[in-house]
Amino acid sequence: MDYFRLRGIGVSPGIAIGEVLLTEGVIFTDRKERIAPPQVEGELRRLKKAIERTRGQLTRIKEQIKEKMGEEYSFIFEAHLLILEGKSLHSDFERIIKGENCRAEWALSRAYDKYKKLFESLSDEYFRERKSDITDVLARIYRNLESVDQKKEDEGKEKILVSHELLPSEAAVKLSKGNVLAIAIDMGGQTSHTAILARSLNVPAVVGLHNISQKVKNGDTLIVDGTDGEIIVNPPLAIRKEFFSKKKKYDDYRKELRKTAKLSSLTLDEVRFIPLANIELPEEVDLALSLGAEGIGLFRSEFIYLQSTSLPTEKDHFSIYSRIAKEAYPHPVYIRTVDLGGEKNLPQLKIEKEPNPALGLRAIRFSLRDKDLFKVQLKAILRASLLKNVRILIPMITEIEEVLEVKLLFQEVKEELKTKRIKFDENIPLGVMIEVPAAAAITDLLIKEVDYISIGTNDLIQYYLAVDRSNEFVSYLYKPLHPSVLRLVKFIIETAQREGKEITVCGEMAADPLSAIVLLGFGLKKFSMNPIFIPRIKKALRSVEYKTVKRVVQKAMTLRTAQEIEEYVIEKILAKHPKAFLMGQVI
Amino acid sequence: MLKKKITVKNKLGLHARAAVKFVNLASRFGSSVKIEKDGAEIDGKSILGILTLAAVQGSQITLKVAGNDEEKALKALVTLITNKFQEKE
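Residues numbered from 1 in each chain as written. Chains lettered and ligands numbered in written order. Predicted model: local features only at pLDDT ≥ 70, side-chain atom pairs only at ≥ 80, totals over all residues.

(A) Quick look at the overall build of chain B. A tally of helices and strands in chain B yields 3 helices and 4 strands. The N-to-C order of helical and strand elements in chain B reads β-α-β-β-α-β-α. Counting over 89 residues, chain B shows a buried share of 38%. In chain B, 71% of the contacts between residues at least 6 apart in sequence involve partners at least 24 apart. (Helix = DSSP H or I, 4+ residues; strand = E, 2+ residues; numbered from the N terminus. Buried ≥ 20, exposed ≤ 12 C-beta atoms within 10 Å, placed from the backbone. Contact = placed C-beta atoms within 7 Å.)

(B) Inspection of the packing of helix 22 (residues 513-521) of chain A against helix 24 (residues 546-556) of chain A at higher detail. Residues and elements named next belong to chain A. Interaxial distance between helix 22 and helix 24 falls to 8 Å at its minimum, and their mutual angle equals 95 degrees. On the basis of their axis angle, the class for helix 22 and helix 24 is roughly perpendicular. Taken together, the residues of helix 24 that come into contact with helix 22 (itself represented by Ile517, Val518, Leu520 and Gly521) are Tyr546, Val549, Lys550, Val552 and Val553. In terms of residue class, the contact of helix 22 with helix 24 is made up of 7 nonpolar, 1 polar and 1 charged. (Axes fitted to C-alpha atoms, helices over the stretch in contact; angles between N-to-C directions. Parallel < 35°, antiparallel > 145°, perpendicular 65-115°, else oblique. Nonpolar A, V, L, I, M, F, W, Y, C, P; charged D, E, K, R; others polar.)

(C) Representation of unusual backbone geometry. With an omega of 5 degrees, the peptide bond between A:Tyr329 and A:Pro330 qualifies as cis. Looking at the element boundaries, A:Pro330 is found in the loop between helix 14 (314-328) and strand 11 (333-336). The residue A:His210 is not glycine, and still its phi comes out positive at about 65 degrees. Following the sequence through the fold, A:His210 ends up in the loop between strand 6 (205-207) and helix 10 (212-215). A positive phi angle is found at B:Ala54, which is not glycine, with a value near 50 degrees. Tracing the sequence through the fold places B:Ala54 in the loop between helix 2 (47-53) and strand 4 (60-66).

(D) Spotlight on the pairing of strand 3 (residues 40-43) of chain B. Residue and element names in this part refer to chain B. Where strand 2 (residues 32-37) meets strand 3, 4 bridges bridge the pair, whose relative direction is antiparallel. Bridge pairing in strand 3 links glutamate 36 to glutamate 41. Counting the residues that bridge the hairpin from strand 2 to strand 3 gives 2 residues, and of these aspartate 38 lies at a positive phi of roughly 45 degrees. (Pairing = 2+ DSSP bridges.)

(E) Spotlight on the interface of chain A and chain B. At the interface, 24 residues of chain A touch 19 residues of chain B. Of all elements in the fold, only helix 2 (71-85), helix 3 (87-100), helix 4 (104-120), helix 5 (125-129) and helix 6 (131-146) of chain A reach the threshold of two or more residues within the side of chain A that touches chain B. Sorting elements by how many residues they give to the side of chain A that touches chain B places helix 2 of chain A first, with 5 residues. Considering only residue class, the side of chain A that touches chain B consists of 13 nonpolar, 6 polar and 5 charged.

(F) Structural context of the environment of A:Arg536. All names here are of chain A. With respect to the helices, strands and loops of the structure, arginine 536 is situated in helix 23 (residues 534-542). Look at arginine 536 and you get buried, because 22 C-beta atoms sit within 10 Å. In this structure, the C-alpha to C-alpha distance between arginine 536 and aspartate 512, residues 24 residues apart in sequence, is 8.6 Å.

(G) Inspection of helix 21 (residues 483-498) of chain A at higher detail. Along its 16 residues, helix 21 of chain A runs 22 Å from first to last C-alpha, staying within 8% of the 22 Å computed at 1.5 Å per residue. Immediately beyond the C-terminal end of helix 21 of chain A, within one or two residues, lies A:Gly500, with a positive phi of roughly 70 degrees. (Expected span 1.5 Å × (residues − 1).)

(H) A look at the sheet that holds strand 1 (residues 2-7) of chain B. Residues and elements named next belong to chain B. In spatial order, the strands read 1-4-2-3; together these 4 strands make up an open sheet with antiparallel pairing. The open sheet has two edge strands with one neighbour each: strand 1 and strand 3. This sheet shows a mean twist of 25 degrees between the axes of neighbouring strands, independent of strand direction.

In structure tokens:
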């Protein structure tokens, strides 16, 4: 068993060691194994049995999923069953086995090639992607040719899931069983549905590994380091030991963080701050609360649109929002209306390709173009507001006119619900995200039109500094502590407070201990972030005195560069509070 | 044999979910069902065949139904397509 390491993107922190379980996988043979003509009948029977086993498995999975997660998810297995029953597929197999006197494996491999080419030649992306469905079915038959007991193994033991790609439906099925120690996948990125699901379920995951599914076999031992994004295949004893100690350290750190989560959110001089969570899936609410979140500061509603190939109905929206509102109650839930368009495009939205998506038709601009879609979402949010803990947040506002238009639509929708005698929270707060510098500069005017504001620092900084942080040539310019950024953010926070309105920061600045301390210095009290960062921010803010921070930050604002500010703040804060940045190993 | 030219009107075309419905309905009849699009003809009872047609919204397809219950079958399938597969759009 060869020992080697692979690098990918760690998308869900944590470390796990275990045995590989390959799912799907490009296991199709490239060797044509011949058999004698009298053996052909036996080979056909072997294939038939494998198909029967496959049918049994698919039917069972379909029923299980239907029960556990609803018809939306089980439908995919119905499609798989139909693929399995396809006559042309069966005649392909038979023709190849009989015609070439070869093993069933070779026939499956040939059929796979044929359909792969067929689907890859299609110009429509949706139909091209259906390749994964036929691959899934063929791989299942292929596996069933081998051993009868595979199914049991599949379901019982704890394993590390290795796959070329994991469809959202598949990921949900596999992870919901609770016997997956970790995940390693060829494809995918930080925001893939699988990554989000893994994070919320606390399963370490590394994606973007290119070809791990071809490099490992079932039964190989794997270490998945979701924190550093590394995979170690068949580690020798010494490395195993090293990783056991790393795992222990990580687990201890995690425990420590959980302890912090239960402590009160007060600075040393007892100034109250409120950590909130940014989430993308309803499944994340529990985890967020257990990590110390005192509300959901940002629910990104995009995932509702990514769930299916058709547009979501009011009911689809409502069931998600009411679930989150219930689970988070009595804590507040800020539901951001959809931020689609730009790079997050979907075929069903019919948005033209744009030369400059970051500056194009996205978020509220898109919602105000497709008003019917927007109203469906507003209605669902209103209906979910009965517990009075729901707020509406509008992304990417550029000018006052947009806010006025949104308010008009909002009023229309409220009237509509009233005539239908549907109850909702009449005083549901409406807020806007400040992400566009133009909006930031008119905070004093905007604030009069809304109940609260939320600063999306990631986009705001990119737009303000004219820097695409994913562009390696200019990303060095992306500095949250750039004096101009701090001046702008300070202006927004102070303006909101002067008007007596609530203000939240929900970008990465809120999750970085140093930036968070600076924000506290501006008077910010609500910090919304990826839930896994809440304990470390809580720890940092609990270890400082508000009045010291305020004084230090005020002085820092007279400095000229991001670096000077960083050094000055760290030095002065540490002088007074030596423990402020003592975070142990940071996730 | 009966033939009928028809336009796929639902937003997503003959996508997987629609194809499942089509195959399930077609399989209820004894008649053979073929779909022709741009010169390619496939078995209307095969989901793979339907998916490889890549019939998006606005595609013109021809249904060819032959057998004892061809009239009933054609009527049912045409209704399914014109009703946009009962999709909530």
